[in-house]
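Inside the fold
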Amino acid sequence: YGDYNQKIDYVFKIVLIGDSAVGKSQLLARFARNEFNLDSKATIGVEFQTKTLIIDNKTVKAQIWDTAGQERYRAVTSAYYRGAVGAMLVYDLTKRQSFDHMARWLEELRGHADKNIVIMLIGNKCDLGSLRAVPIEDAQEFAERENLFFMETSALESTNVETAFMSLLKEIYQIVG
Ligand code: GDP
Ligand code: MG
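Here the structure is a predicted model, which means the values were calculated and not measured.

1. Some details on the site of ligand 1
Inspection of the region around ligand 1 gives 20 residues, with Gly 23, Lys 24, Ser 25, Gln 26 and Leu 156 positioned closest. With 3 residues, helix H1 (residues 24-33) is the single largest residue contributor to the shell around ligand 1.

If you want it as structure tokens, here you go:
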């Protein structure tokens, strides 16, 4: 409970979006609490977690929202996106379809969110390299074309999770801070 009594300079709302089972909840659990659960249940109810950190001598509270099992197209409500300054667009790099759906998640995000929102494309489950269905070049090309930051992560092995969230938060800080 390190943030008890702490002065907060900024609160940044970040939303996680992408198909069901790509690892959104586990990425959040890994970043916020350094936890991972192999048989995580589908998320029930709107939920967010916070993590307080220091960027450039400022205290930043990241408020990270996780979808409430509303991953069907158009089921995520506009309240979810409201006020978001950052987004992580997550696919499972062993599931081609979850990557192919990124375009419409992006369209939905851009339809709801602030035009200055910072977006990071995340290819999760990079620990399952032998089952890879999305070449890194395809993702890089999509990210470049759409002006997104991009990283591959593993919530299971903790690869790039901290780096991905911190990069996103620092980019947001450059814009908002
Ligand atoms: P969500 O529906 O997008 O929130 O997905 P979850 O976070 O609930 O994860 C779905 C399933 O994928 C769970 O069984 C997780 O344990 C598993 N999972 C999540 N991240 C990873 C990862 O980085 N590597 C592997 N191998 N499995 C993962
Ligand atoms: Mg979930």
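This is not the end of the story, as more comes after the structure.
2. Points about the sheet that holds strand E5 (residues 118-124)
On the basis of which strands lie adjacent, the open sheet formed by 6 strands has the order E2-E3-E1-E4-E5-E6 and mixed pairing. This sheet does not close on itself; its edge strands, each paired only once, are strand E2 (47-55) and strand E6 (149-153). Neighbour-to-neighbour, the strand axes of this sheet turn through a mean angle of 25°, independent of strand direction. Taken together, the 9 bridges between E2 and strand E3 (residues 58-66) define a ladder with antiparallel strand orientation. In the sheet register, Glu 47 faces E3, and the bridge partner there is Asp 66. Helix H5 (residues 136-146) rests against E5 and E6 of the sheet, and its axis sits at about 155° to E6.

3. Comments concerning H1
Counting buried residues along H1, 7 of its 10 residues qualify, which places the element largely inside the surrounding structure. Of all the residues in H1, the buried ones are Lys 24, Ser 25, Gln 26, Leu 27, Leu 28, Arg 30 and Phe 31. Once H1 ends, the next one or two residues include Asn 34, with phi positive near 55°.

Reading the values: the criteria
Residues numbered from 1 in each chain as written. Chains lettered and ligands numbered in written order. Predicted model: local features only at pLDDT ≥ 70, side-chain atom pairs only at ≥ 80, totals over all residues. Near = placed C-beta within 6 Å. Helix = DSSP H or I, 4+ residues; strand = E, 2+ residues; numbered from the N terminus. Pairing = 2+ DSSP bridges. Axes fitted to C-alpha atoms, helices over the stretch in contact; angles between N-to-C directions. Contact = placed C-beta atoms within 7 Å. Buried ≥ 20, exposed ≤ 12 C-beta atoms within 10 Å, placed from the backbone.

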